[in-house]
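So the chains spell out like this:
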Amino acid sequence: MSEYDPNIIAFLCNWCAYAGADLAGTSRLKYPSNVKSIRIMCSGRVDPVFILEALREGADGILVAGCHPGDCHYQSGNYKTSRKIRLLRRLLRELNMDPERVRFEHISASEGQKFADVVTDFVNELKVMGPNPLKGECQ
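Everything numeric here is computed off the predicted structure, so don't read it as measured data.

A. Quick look at the packing of aromatic side chains. Inspection of the entire model under this criterion finds 2 aromatic pairs. Consider the rings of Phe11 and Phe50, whose centres lie 6.5 Å apart with planes at 25°: the pair is stacked. Here Phe11 is found in strand 1 (residues 8-13), whereas its partner Phe50 is found in helix 2 (residues 48-56), with 39 residues between them in sequence. For Phe50, a relative accessible area of 43% corresponds to the partly exposed category. Aromatic pair Tyr31 and Phe115: ring centres 5.4 Å apart, planes at 90°, arrangement edge-to-face.

B. View of the sheet that holds strand 2 (residues 35-40). Read across the sheet, 4 strands follow the order 2-1-3-4 without closing on themselves; strand pairing throughout is parallel. Edge positions in the sheet fall to strand 2 and strand 4 (102-106), since each of these pairs with one other strand and no more. The mean inter-strand angle of the sheet, taken between neighbouring strand axes irrespective of direction, is 20°. As defined by bridge partners, strand 1 adjoins strand 3 (residues 61-66) across 5 bridges and the pair is classed as parallel. Within the sheet, the bridge partner assigned to Ile8 lies in strand 3 and is Gly61. With respect to the sheet, helix 1 (residues 17-26) is in contact with strand 1, strand 2 and strand 3, its orientation differing from that of strand 1 by roughly 115°.

C. Region of interest: the packing of helix 2 against helix 3 (residues 77-94). Taken N-terminus to C-terminus, the directions of helix 2 and helix 3 make an angle of 40°; their axes are 10 Å apart at the nearest point. When the interaxial angle is binned, helix 2 and helix 3 end up oblique. Once helix 2 is placed against helix 3, the crossing between them reads as right-handed. Residues Pro48, Ile51, Leu52 and Leu55 of helix 2 lie in contact with helix 3, whose contacting residues are Lys84, Ile85, Leu88, Leu91 and Leu92. Here the residues of the contact of helix 2 with helix 3 sort into 8 nonpolar, no polar and 1 charged.

D. Structural view of the environment of Leu55. Tracing the backbone through its elements, the reader meets Leu55 in helix 2. For the pair Leu55 and Leu95, spaced 40 residues apart in sequence, the C-alpha to C-alpha distance is 12 Å. Contact partners of Leu55, with chain neighbours within four places excluded, come to Ile62, Leu92, Met97, Arg101, Val102, Asn132 and Leu134.

Reading the values: the criteria
- Residues numbered from 1 in each chain as written.
- Predicted model: local features only at pLDDT ≥ 70, side-chain atom pairs only at ≥ 80, totals over all residues.
- Heavy atoms only, no water.
- Phe/Tyr/Trp six-rings, centres within 6.5 Å; stacked < 30°, edge-to-face > 60°.
- Helix = DSSP H or I, 4+ residues; strand = E, 2+ residues; numbered from the N terminus.
- Buried < 20%, exposed > 50% of the residue type's maximum accessible area, 1.4 Å probe, protein only.
- Pairing = 2+ DSSP bridges.
- Axes fitted to C-alpha atoms, helices over the stretch in contact; angles between N-to-C directions.
- Contact = heavy atoms within 4.5 Å.
- Parallel < 35°, antiparallel > 145°, perpendicular 65-115°, else oblique.
- Left-handed = near helix turned anticlockwise from the far one by under 90°.
- Nonpolar A, V, L, I, M, F, W, Y, C, P; charged D, E, K, R; others polar.

Next comes the structure, spelled out in structure tokens:
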């Protein structure tokens, strides 16, 4: 049996986290290639419905990454995201789904190594959790 390889969808802020991911790539930092990145203008624009839909469609984990507190190009987008993610994780618990499948991180444009570390850590956590229990049920 082959080793489980989690599927991660990442919503990355254009100004910080996406640039951090780009820096990780251009710096040739090693990290798992399990991430499918979606570039968004601000982490505050991530609707929890997008996350729920990605999980329903079989994603094993969702990473939302935005600017550090106080550095949001849209002033409060990352604060709104933090609140939305906390509420979403509470909802996931109510639905008997592991809330650790959704992760929110602050990653700046200069933190390529942090991006690589976050992805590596998240992949390892998801390998312990195993595949998304919804995978295959709704397709």
